[in-house]
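# Coordinate analysis (summary)
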Amino acid sequence: MEEKIKDEGECCHKTKERSDKEYKDLLHRLSRIEGQVRGIRGMVEKDAYCTDILVQVAAVNAALNSFNKVLLANHIRTCVAQDIRDGKEETIDELVATLQKLMK
């Protein structure tokens, strides 16, 4: 049996059409996070002091948490609310499982 290997960009079976504003906001947040991570790499390459790097890592973690909060709020307002209106109760179980993963 042949196994299909997923492309790097192929992560899930569902898709979500986002508003232009939401799309731009999420990409802007991710671009800032990418810049922060590149900055940390530069700090390591330049032998920066450990605590200085740790402070920057904490900033990246905070930015990722903020990204998650925005994405989760949008998900609940759109996808989850629509699925509940459509009678798709399994969406609640999916949301609970997602929240449990986020809270590890």
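Residues numbered from 1 in each chain as written. Predicted model: local features only at pLDDT ≥ 70, side-chain atom pairs only at ≥ 80, totals over all residues. Heavy atoms only, no water.

## A short note on the overall build of the protein
What counts here: Strands here are runs of E lasting at least two residues and helices are runs of H or I lasting at least four, both read from the DSSP assignment and numbered beginning at the N terminus. Think of it in three bands: with a 1.4 Å probe and only protein chains considered, a residue is buried below 20% of the maximum accessible area for its type, exposed above 50%, and partly exposed in between. Should any heavy atoms of two residues lie within 4.5 Å, those residues are counted as being in contact. Note that accessible areas follow from Shrake-Rupley with a 1.4 Å probe, and for residues the cover is restricted to the protein chains shown.
Each helix and strand in the protein was counted, giving 3 helices and 0 strands. Of the regular secondary structure in the protein, the N- to C-terminal order runs α-α-α. Looking at the protein residue by residue over its 104 residues, the buried ones come to 15%. Put simply, of all contacts in the protein between residues at least 6 apart along the chain, 51% involve residues at least 24 apart. Just so you have it, the protein exposes about 8800 Å², and 56% of that area is on carbon and sulfur atoms.

## Here we look at the pattern of salt bridges
Counted only if it meets this: Every case where a carboxyl oxygen of Asp or Glu lies within 4 Å of a side-chain nitrogen of Lys or Arg is listed as a salt bridge.
Inspection of the entire model under this criterion finds 6 salt bridges. Between E22 and R18 there is a salt bridge whose closest N-O contact spans 3.6 Å. By relative accessible area, R18 is classed as partly exposed at 36%. In this structure, R29 and D25 form a salt bridge, with 3.2 Å as the shortest nitrogen-oxygen distance. Of the two residues, R29 and D25 both sit in helix α1 (residues 20–45), 4 residues apart, roughly one turn of that helix. In this structure D25 comes out as partly exposed when scored by relative accessible area, which is 28%. Taken together, the salt bridges that share partners define one network made up of K16, R18 and E22.

## Some words on the environment of E17
Mapped onto the secondary structure, E17 falls in the segment before α1. On the accessibility criterion, E17 (78% relative accessible area) is exposed.

## Comments concerning the nonpolar core
Put simply, the rule is: Grouping buried Ala, Val, Leu, Ile, Met, Phe, Trp, Tyr and Cys residues that are joined through side-chain atoms within 4.5 Å yields what is termed a nonpolar core.
Within the largest apolar cluster, 6 residues are counted, these being L26, I33, I40, I53, V60 and F67. Among the elements of the structure, α1 and α2 (50–85) are those that each provide at least two residues to this core. Setting aside anything within four residues of it in sequence, one finds I53 in contact with I40, M43, V44 and A48.

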